[in-house]
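Coordinates in review
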Amino acid sequence: MASTDINVGTHTHDDHHHDHHDDHHEELNFFTKYVFSQDHKIIARQFLVTGVLWAVIGVAFSVLFRLQLGWPDESFPILETLLGGWAEGGKLDPEFYYALVTMHGTIMVFFVLTAGLSGTFSNLLIPLQIGARDMASPFMNMLSYWFFFIAGVIMLISLFIQTGPASGGWTAYPPLSALPTASSGSGLGMTLWLASMSMFVVSSLLGGLNYVATILNMRTKGMTMMRLPLTIWAFFFTAVLGVLSFPVLLSACILLIFDRHMGTSFYLSDIWIQGELLTNSAGEIIEGGSPILYQHLFWFLGHPEVYIVILPAMGIVSHVMATNAKKPVFGYHAMVYSIMAITVLGFLVWAHHMFLSGMNPFAGSVFTLFTLLIAVPSAVKVFNWITTLWKGNINFTPAMMFSIGFVSLFISGGLTGIVLGNPALDIGYHDTYYVIAHFHIVMAMAAGFGMFAGIYHWFPKLFNGRMMNANMAYLHFWVTFIGSYCIFWPMHYLGEAGVPRRYFSFSEFDFANGFADLNIFISVAAIVVFFAQFLFIINFFYSIFAGKKMEKLNPWGSNSLEWTTPIVPGHGNWVGKIPEVFRWPYDFSKDGHEITPQTTSEKDLEDIPAVKRIPTR
Amino acid sequence: MAEYYYSKIHPKKFALWLGLGSIIMMFAGLTSAYIVRQAAGDWVFYKIPEVFTYSTIVIVLSSLMMILSIRAAKQGNKSLHRLGLLGTILFGFVFTLLQFRGWDQLTEIGVRLTGNPSGSFLYLISGIHLAHLLGGILVLLIVFIKSLIKKDPVKEILETSNPDRFLGLELASTYWHFVGVLWIYLFCFFYYNTI
Amino acid sequence: MYSLIGILAVALLILILFQLAKAGEYLGLLKGEKEANDRNNQVQATLFLGTLVFGMIGIFWSAWYYSDAFLFLRTPASEHGGAVKNMYFWTLGAILPIFVLTHALLFGFAYIYKKDDSKLSFYYPENNKLELIWMAVPAVVMVFLVLEGMRNWLKIMGPVPEDRTVLVIEATAQQFKWDLRFSGLDGKLGGKSVQLMDPENGNPWGQDWDDKANYDDFFAKDSIVLPVNVPVLVKINSLDVLHSFYLPDFQVKMDAVPGIPTQFWFTPIKTTEQRRVELNQPDYNYELACAELCGKAHFNMRRELFIVEQDQYEDWVKRQEPLYKTLKASASLEEEVEESDETIAAEY
Ligand code: HEM
Ligand SMILES: [Cu+2]
Ligand SMILES: [Cu+2]
């Protein structure tokens, strides 16, 4: 389709310098090439494949606990086969139900949507789209992956220990998470959870530092900040968020570890458990601590974390939409500034998760203000995406489908955020299924869709110029899109009825008990969506090895730099000099040219005949 | 690195500065937890042991040694450079010993890790700081050992045209100064928040 | 066994779909890539339009179908419930039109502007006036919602108005139950501390027996009973982990935090009897639940709550027995009762 020959506009300064890293001559064995690789593209693959495997586990867990919620009276022999003692007689043990919920949340938020999404695409796209040969520190980049890997291994081990994994929720609030006597998951399982999270923080920091340093310092000639693709802007602010908020989570974890193992009382006070007063090993009464302190520290990371999850998806969607509508992103500057505003405000709203923790109501109202203010930049982004489609020329590639799905989900979930951000209403909705519906739609599903969009779009750059099967992708999209709404939309109704989240069974309460049909419906939808993901998984792994080979350098008609690299870019990305950049990446349908790659200078443009089409739109 | 049109500062240096920012966030988290907890009342006040004043002086001396060493390196005075590094490292060790002494003194006056959070915080925050400092000592040791290795004279001449030849040293020194300043901040913080 | 067969069947289905999809890829190549692409665009665009129409119908129909269960649509059972209900409608009024409008535009544009090779897109990179409008309008709406929200929130969380007499009760949470303490005739709750707890010797909540206000404090045995139209101040605390005091019907929720007492006040305005008539459910009960994960039986911390007329409430109070009295009664068998205690008890 692309009528422009990429090479016309590629200024490579034909003089042959030898100053670029010539890693092509290096002897690479299997280990240095695929395992301990320092090539950002391989590291991106490692993050992606690891993330996909974790996603299968995390979503499978949600199916297991949805079985319990949908059919509380039924017994499922398969559960006993899978889980053994945790599901005697085919019925899930409540303790293990909470362990599954906790692992589901932790895995999905941190391993899939932070490492799997941001890790994959920051690594892949930052050097490729800004025109760099690799990250600022490829070695740190490799460490970042391996710390993530270790975090994963530790979490995986915790699934198999006798007392079960952590079961205090993904937020791990003390005292529940601090007292091994309070629940069986708070023993060794929680210790492993903390160890795993600490490793994960290190991984995120190493990654984030690298991303920011690379973006600010290693752009190619002509690539000013305002010529960066929106993906890069999004990764940039994601990394800033991570670098500034993850250390605080680490502090929270360290204090918790001390409370658990050293007998301190940062978070604990006046506790009577199992028939006795809590004392430390020296026999002193534990007092003077505050569980609320943990919540402040946790949510100081926790809220930015939801933006760490969603911003990369926003960047991917903006880029994919413009490319496939062959129309510039509407309001590029507004898009950049709104990401910036979201980043800044994202640090100022953490306590909206704590309205009902007994904190000062005046503090609560300040947090309300900032919380609802975040709706403004978010609204700007939504309107800009919609305007990007207006009078566009939309080609429904699989990535485009997921991008449109993303916008729909982001709207649906974002609007209920306005409800929850209002503390007067949050009294009713806090810790009910309304919250579950809200954050799954706006964060979990939307970010998942952003990730799918990214995978379908950049698959050829990730895996040696192979493409995924589009028909499978469409089927995958429709089942997942309709299915996600079927799972999570009805949860609003449960929330409206006041049904609390993190309930193993609803039958103990009259007010929560009247929704058997609805819960079955949700569970069926969840199972269907779960199996539909295999449409993706099979397509993914099949295409890595046997997918259709990309025929054009630039299959989607994109303007950005990554498509100027060879079909299978080596370590160093460009053969010869890195191309120079002359324009922003969204010159679509301008002056009769459907696409104008960033590498096209004004002079080149004169040589390219315009497409003779009437721009009636 | 000549390829990068926009590099004004070496990316590794930049990454280090960012990393320092993230360490600052960690300590900001800890010290604000301290303040929040203190404001909640039920707080046992005590006087911070004098040893910590001495360790503050030692860490300043150590930073001065570092400055000396890096200056010598740039002037080509290798032996002074090595001496300076050695001094930096030695003062680092002295600081570590003094911190341990400080903790002992705290225990002697009845402020223990497991008592009131006011004490726990002091142990914890100074402990985490010390962990960062020990990391710094490790880096300095590596730099020191590298400085002992004899280089091929030809290579050495070639090196002189490389603007990044002091990069490792500069990174180490930036980190070291940072850890020092961080301690001075923490010391002042504790000083004004105890008593 | 069934699960195994089921999973095999699904696997087979997916494999078949995969084969079909691959075949489709080659078929597309045969037919010519452009035709296949155009047809696909048409199909996807139509599906988006269909999703818009049927999705909206589904969403609004199902909301209507389940609306009986929506707590906000019922007449409020507590005084502040009314204010919150207004807030609810304001918010819905703001977000529902946006929800419909943006979706109509999103899917509508997707349908209208599907690829057409005879046209180019409209190059339209920026319009600051538009940006300003759609920044300002949400900002104004948000400011309104923030102000209204804050006003209500501060009122709900603020102190009980001076001119109203308030009934103070105390909720103590522990794994996995709620215990409700009433102040008895003196209207004052006695002191209490974990360090005094001694279940073996009849002091399971650590009441301070030196504090005479404790002598008439009693714990509700089975149901909790509260008078209608009287402000109730609930002092909330926990003995072990976090819990949350949750009364869904009354828009009441507050965490129970060990070591840090919290509180919430509300005024019930509908008796249980009235609610039953109104909902036409003769066995409807108000319930107290826990809304903060507290361990394996978190889902099972139920208490029933009855809102009754003032005189019925007083009758109920008379039937309750203070712990101190029970304790004394059993203790007096073994030891002699202290005199001072006797005189105090006689006052009531
Ligand atoms: C088919 C997909 C999914 C289904 C059916 C599902 C279902 C659920 C349900 C029912 C709960 C609440 C359980 C309870 O409170 O008892 C839950 C919790 C949660 N989910 Fe999902 N979920 C899915 C995907 C995701 C994704 C993609 C994310 C990524 C962010 C995610 C993140 C979470 C988190 C953070 C929690 C809270 C865990 C906690 O309470 O500690 N979920 N999920
Ligand atoms: Cu938040
Ligand atoms: Cu609970």
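Residues numbered from 1 in each chain as written. Chains lettered and ligands numbered in written order. Predicted model: local features only at pLDDT ≥ 70, side-chain atom pairs only at ≥ 80, totals over all residues. Heavy atoms only, no water.

**Regarding the sheet that holds strand S7 (residues 252-256) of chain C**
Across a sheet, paired strands are connected by hydrogen bonds in the backbone, their directions being either parallel or antiparallel. Residue and element names in this part refer to chain C. In space, the five strands of this open sheet follow the order S4-S10-S9-S6-S7, with mixed pairing throughout. The two strands at the open ends of the sheet, each matched to only one other strand, are strand S4 (224-227) and S7. Across this sheet, the average inter-strand angle for adjacent strands is 25°, counted without regard to direction. Against the sheet, helix H5 (residues 272-279) contacts strand S9 (286-290) and strand S10 (303-308), and its axis sits at roughly 95° relative to S10. (Pairing = 2+ DSSP bridges. Helix = DSSP H or I, 4+ residues; strand = E, 2+ residues; numbered from the N terminus. Axes fitted to C-alpha atoms, helices over the stretch in contact; angles between N-to-C directions. Contact = heavy atoms within 4.5 Å.)

**Observations concerning the packing of aromatic side chains**
Residue and element names in this part refer to chain C. Taken as a whole and assessed by the stated rule, the structure comprises 110 aromatic pairs over all chains. Here Trp205 and Phe219 contribute two aromatic rings whose centre-to-centre distance is 3.7 Å and whose plane-to-plane angle is 15°, an arrangement assigned as stacked. Note that Trp205 is positioned in the loop between strand S2 (177-182) and strand S3 (218-219) and Phe219 in strand S3, a separation of 14 residues in sequence. An identical accessibility class is assigned to Trp205 and Phe219; each is buried. Residues Phe250 and Phe266 carry aromatic rings whose centres are separated by 5.5 Å and whose planes lie at 55° to one another, so their mutual orientation is tilted. Taken together, the residues Phe250 in the loop between strand S6 (243-247) and S7 and Phe266 in strand S8 (residues 262-266) connect sequence positions 16 residues apart. For Phe250, a relative accessible area of 1% corresponds to the buried category. (Phe/Tyr/Trp six-rings, centres within 6.5 Å; stacked < 30°, edge-to-face > 60°. Buried < 20%, exposed > 50% of the residue type's maximum accessible area, 1.4 Å probe, protein only.)

**Considerations on the coordination of the iron atom of ligand 1**
Residue and element names in this part refer to chain A. Around the iron atom of ligand 1, the donor atoms from the protein are His104 (NE2) and His440 (NE2), and they sit 2.0 to 2.1 Å away. Each of the six donor atoms bound to the iron atom of ligand 1 contributes to angles spanning 85 to 178°, and the resulting shape is octahedral. Taken together, the positions of His104 in helix H4 (residues 94-130) and His440 in helix H13 (residues 433-462) put the pair 336 residues apart, joining distant regions of the chain. Judged by relative accessible area, His104 falls into the buried class, the value being 14%. Since its relative accessible area comes to 12%, His440 is described here as buried. (Donors = N, O, S within 2.8 Å, 3.2 Å for Na, K, Ca; no water. Tetrahedral: all angles 85-135°; square planar, octahedral: opposite > 155°, others 65-115°.)

**A closer look at the coordination of the copper ion (ligand 3)**
The textbook angles at a metal center are 109.5 degrees for a tetrahedron of four donors and 90 or 180 degrees for an octahedron of six. Residue and element names in this part refer to chain C. Coordination of the copper ion (ligand 3) by the protein involves Cys290 (SG), Glu292 (O), Cys294 (SG) and His298 (ND1), with metal-donor separations of 2.1 to 2.6 Å. Angles of 84 to 131° at the metal separate the four donor atoms of the copper ion (ligand 3), which places the site in the irregular class. Here the donor residues of the copper ion (ligand 3) are spaced in sequence according to C-x1-E-x1-C-x3-H. For the residue pair Glu292 and Cys294, the accessibility class agrees, reading buried in each case.

**Side note on the confidence of the model for chain A**
Looking at chain A as a whole, the pLDDT averages 88, with 94% of positions reaching at least 70. Below pLDDT 50 for its whole length, residues 1-25 of chain A participates in 41 contacts with residues either more than four positions away or in separate chains. (pLDDT = per-residue confidence, 0-100.)

**Focus: the interface of chain B and chain A**
With 34 residues of chain B at the contact, the number on the chain A side is 45 residues. With both sides pooled, the region where chain B packs onto chain A buries about 3200 Å², and carbon together with sulfur makes up 70% of that total. Taken together, the links from chain B to chain A amount to zero salt bridges. Summed over the shared surface of chain B and chain A, the number is one residue pair in polar contact (both at pLDDT 80 or more). With 15 residues, helix H1 (residues 11-39) of chain B is the largest single contributor of residues to the side of chain B that touches chain A. A class-by-class count of the residues in the side of chain B that touches chain A yields 20 nonpolar, eight polar and six charged. (Buried area = accessible area lost by both parts, 1.4 Å probe. Salt bridge = Lys/Arg side-chain N within 4 Å of Asp/Glu carboxyl O. Polar contact = N/O pair within 3.5 Å; in protein donor to acceptor, adjacent residues only side chain to side chain. Nonpolar A, V, L, I, M, F, W, Y, C, P; charged D, E, K, R; others polar.)

**Some thoughts on the site of ligand 1**
Residue and element names in this part refer to chain A. In the vicinity of ligand 1 there are 27 residues, among which Tyr97, His104, Trp170, His440 and Arg502 approach most closely. Side-chain polar atom of Tyr97 to an oxygen atom of ligand 1: 2.5 Å apart, as the coordinates give it. Here ligand 1 is seated within the largest cavity. Looking at the shell around ligand 1, the elements with two or more residues in it are helix H2 (40-70), H4, H13 and helix H14 (470-496). (Near = heavy atom within 4 Å. 1 Å grid on protein atoms, 1.4 Å probe; cavity = no way out; pocket = protein on both sides within 12 Å on 5 of 7 lines; lining within 4 Å. Sits in = over half its atoms within 2 Å of the grid points.)

**Regarding the packing of H1(B) against helix H6 (residues 167-193) of chain B**
Residues and elements named next belong to chain B. Axis separation between H1 and H6 bottoms out at 11 Å; the angle between their running directions is 10°. Viewed along their axes, H1 and H6 adopt a mutual orientation that is roughly parallel. Read as a crossing pair, H1 and H6 show a hand that is right-handed. Touching Lys12, Lys13, Leu16, Trp17, Leu20, Ile23, Ile24, Phe27, Thr31, Tyr34, Ile35 and Gln38 of H1 are Leu167, Glu170, Leu171, Thr174, Tyr175, Phe178, Leu182, Tyr185, Leu186, Phe189, Phe190 and Asn193, all from H6. Here the contact of H1 with H6 is composed, by residue class, of 17 nonpolar, four polar and three charged. (Parallel < 35°, antiparallel > 145°, perpendicular 65-115°, else oblique. Left-handed = near helix turned anticlockwise from the far one by under 90°.)

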